[in-house]
Amino acid sequence: MYSGTNPSAIRSQKWLTESLLQLMEVKPYKNITVKELTERSDLARQTFYQLFDSKEEILEYHLDHLFQNYLQEMHNLKLLTTSELTRLYFVFAEQNETFIRLLIQNDMISILNNKFNSYLGEIMNLLKLEQDVILDQYATAFLSSGLVGILVFWFNHDKNLTIDELSALVYGMLTDDCRDKSEG
């Protein structure tokens, strides 16, 4: 994937991304061809292959930008708590609901999970917790899969909880509050 600073290439990446997302709204991802994508974005096929190795890379590129914005929001907070982190995750998901639903509909949630997993370590560093590298790697894998799974469940159940309710539920799971309530 191209990662340079050429304004023309960056603009072309944006056009290809927008075109893919537009096409995914009207047809399954697996049926979208590179030819369709380049025609819709008014770019040459060669340009596509100079910028991306596959359609999947376009989705990863888009997720990278979304997660960079998410990280910037967290950096802007003066003191980040686990509770705030959980809430921000679901706010982020709701802001990007259309895209996430496209991933769900096309059985491509693994892309979201992989990207979230790659960013979660950095997100967890913002909490400034003591670090144990091995534990952090397993915790990151566990949390990213769990949070993406909860997100998919929430969307598939028409967001039957508010963000605050869902955040409190997840925070309770993370802090053992749920078990304490069920035992009492």
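Definitions and limits used
- Residues numbered from 1 in each chain as written.
- Predicted model: local features only at pLDDT ≥ 70, side-chain atom pairs only at ≥ 80, totals over all residues.
- Heavy atoms only, no water.
- Salt bridge = Lys/Arg side-chain N within 4 Å of Asp/Glu carboxyl O.
- Helix = DSSP H or I, 4+ residues; strand = E, 2+ residues; numbered from the N terminus.
- Buried < 20%, exposed > 50% of the residue type's maximum accessible area, 1.4 Å probe, protein only.
- Contact = heavy atoms within 4.5 Å.
- Core = buried A, V, L, I, M, F, W, Y, C linked by side-chain atoms within 4.5 Å.
- Phe/Tyr/Trp six-rings, centres within 6.5 Å; stacked < 30°, edge-to-face > 60°.
- Lys, Arg positive; Asp, Glu negative; His and termini not counted.
- Axes fitted to C-alpha atoms, helices over the stretch in contact; angles between N-to-C directions.
- Parallel < 35°, antiparallel > 145°, perpendicular 65-115°, else oblique.
- Left-handed = near helix turned anticlockwise from the far one by under 90°.

Caption draft 1: Region of interest: the pattern of salt bridges. Here the structure, examined in full by the defined rule, presents seven salt bridges. The residue Glu-18 makes a salt bridge to Lys-14 at a minimum N-O spacing of 4.0 Å. Taken together, the residues span about one helical turn, with Glu-18 and Lys-14 both in helix 1 (residues 7-24) at a distance of four residues. Salt-bridge contacts for Glu-97 lead to Arg-101; the nearest nitrogen and oxygen are separated by 2.8 Å. Placement of the pair is Glu-97 and Arg-101 together in helix 6 (residues 97-105), with a separation of four residues, close to one helical turn. Members of the salt-bridge network, linked through shared partners, are Glu-94, Glu-97, Arg-101 and Lys-159.

Caption draft 2: Spatial organisation of helix 6. Of all the positions in helix 6, only Glu-97, Phe-99, Ile-100, Leu-102, Leu-103 and Ile-104 are classed as buried. Following helix 6 by one or two positions, Asp-107 has its phi on the positive side, about 50°.

Caption draft 3: View of unusual backbone geometry. Positive phi outside glycine occurs at Asp-42, with the angle close to 60°. Checked against the element boundaries, Asp-42 lands in the loop between helix 2 (34-40) and helix 3 (45-51). Its identity as a non-glycine residue notwithstanding, Asp-107 has a phi of 50°, on the positive side.

Caption draft 4: Examining the environment of Val-148 more closely. The topology assignment puts Val-148 in helix 8 (residues 133-156). Put simply, Val-148 and Leu-112 are 36 residues apart on the chain and 7.5 Å apart in space, counted from C-alpha to C-alpha. Setting aside its immediate chain neighbours within four residues, Val-148 contacts Tyr-89, Ile-109, Leu-112, Asn-113 and Phe-116.

Caption draft 5: Structural context of the nonpolar core. Residues Leu-59, Tyr-70, Phe-90, Ile-123 and Leu-151 are the most contacted members of the largest nonpolar core, which totals 54 residues. In terms of residue count, helix 4 (residues 55-76) provides more of this core than any other element does, nine residues in total.

Caption draft 6: Layout of the packing of aromatic side chains. This model, assessed by the stated rule, comprises twelve aromatic pairs. The interplanar angle of 25° and the centroid separation of 5.8 Å between the aromatic rings of Phe-67 and Phe-116 together place this pair among those described as stacked. A residue pair is termed long-range when its members are at least 10 positions apart, and Phe-67 in helix 4 and Phe-116 in helix 7 (residues 109-125) qualify at 49 residues. Like Phe-116, Phe-67 is buried. Each ring, one from Tyr-70 and one from Phe-92, has its centre 4.8 Å from the other, and the planes form 35°; the classification is tilted. With Tyr-70 in helix 4 and Phe-92 in helix 5 (residues 82-95), this pair connects stretches of sequence that are 22 residues apart. The exposure classification of Tyr-70 matches that of Phe-92, with both residues buried.

Caption draft 7: Geometry of the side chain of Glu-57. Checked against the element boundaries, Glu-57 lands in helix 4. Salt bridges are absent for the buried Glu-57, whose nearest opposite-charge side chain, Lys-115, sits at 9.0 Å.

Caption draft 8: Representation of the side chain of Ser-144 in the model. Position of Ser-144 among the secondary structure elements: in helix 8. Overall, the relative accessible area of 1% leaves Ser-144 in the buried class. Excluding residues within four positions of it along the chain, Ser-144 makes contact with Asn-113, Phe-116, Asn-117 and Leu-120.

Caption draft 9: Structural detail: the packing of helix 4 against helix 7. The geometry of helix 4 relative to helix 7 is characterised by a closest axis approach of 10 Å and an angle of 30° between their N-to-C directions. If you check the angle between helix 4 and helix 7, you find them roughly parallel. The chirality of how helix 4 crosses helix 7 is right-handed. Contact residues: helix 4 offers Glu-56, Leu-59, Glu-60, Leu-63, Asp-64, Phe-67, Gln-68, Tyr-70, Leu-71, Met-74 and His-75, while helix 7 offers Ile-111, Leu-112, Lys-115, Phe-116, Tyr-119, Glu-122 and Ile-123.

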